[in-house]
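Each chain, written out:
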Amino acid sequence: AGYQWIDRVAAGGQPVLNLHVHTLRSVATTLAQPCLESTGSSLLRSRGSMFLAGSLFRSLRKDSGGYLLSLRPTPALVTRLARVIEELRLAGLSPERIRGGTFEHELKAHELALLLRGYIDFLEQHKLADFATLLRLASAVATDAGGEGRLIILPAGLEISRLEREMLDAFPAGDVH
């Protein structure tokens, strides 16, 4: 959509100079990269996140008596669990904030909290940064990034997570439209 907009502006006879199209993920990565380098941390890509979710699931798996953890670890289940972990992280939830009343079954909340705790612990122990970590780091950098001539234009109706919103809100007023 960003490149189509540039094409329309250029076709209308307006000059387009020094304009870069980025996703929120690429903005967060660009802003957080110096922080990652200074701490010796590495970026955990989506495939690595799925592998980690599957590994955690298999290590916590029970043969019976579980809600999620008694299920057979199929590729579809592991993919979905990785996505759920990412959604919980992007919502800014910690394992301690996942409570039984939020889900249809208290055991489901407990098992998701265990998976999330294992995920976060693994990231910290291995100096890895997922998208949620990038957004938190980028928010801190964006707060100090005023006066750089940056303008961020978002498509109307774009659904974003809590941490994405926090990163955008960290930019100086008037930079995000």
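Thresholds applied
- Residues numbered from 1 in each chain as written.
- Predicted model: local features only at pLDDT ≥ 70, side-chain atom pairs only at ≥ 80, totals over all residues.
- Heavy atoms only, no water.
- Core = buried A, V, L, I, M, F, W, Y, C linked by side-chain atoms within 4.5 Å.
- Buried < 20%, exposed > 50% of the residue type's maximum accessible area, 1.4 Å probe, protein only.
- Helix = DSSP H or I, 4+ residues; strand = E, 2+ residues; numbered from the N terminus.
- Polar contact = N/O pair within 3.5 Å; in protein donor to acceptor, adjacent residues only side chain to side chain.
- Contact = heavy atoms within 4.5 Å.

## Description of the nonpolar core
In terms of nonpolar packing, the biggest core is built from 22 residues, with Leu81, Leu115 and Tyr119 touching the most fellow members. Taken together, the elements giving at least two residues each to this core come down to α3 (46-60), α4 (75-90) and α5 (106-125). Ranked by residues supplied to this core, first place goes to α5 with 8 residues. Counting 20 residues, the second largest nonpolar core, distinct from the first, contains Ala32, Phe131, Ala138 and Phe171.

## Quick word on the side chain of Ser49
Counting through the fold element by element, Ser49 comes out in helix α3. Judged by its relative accessible area of 11%, Ser49 is buried. At 3.3 Å, the side chain of Ser49 and the side chain of Tyr119 are in polar contact. Other than its neighbours up to four places away in sequence, Ser49 contacts Leu44, Ala82 and Tyr119.

## Things to note about the environment of Arg99
Residue placement: Arg99 occurs in the loop between α4 and α5. Separated by 14 residues in the primary sequence, Arg99 and Ala113 have C-alpha atoms spaced 8.4 Å apart.

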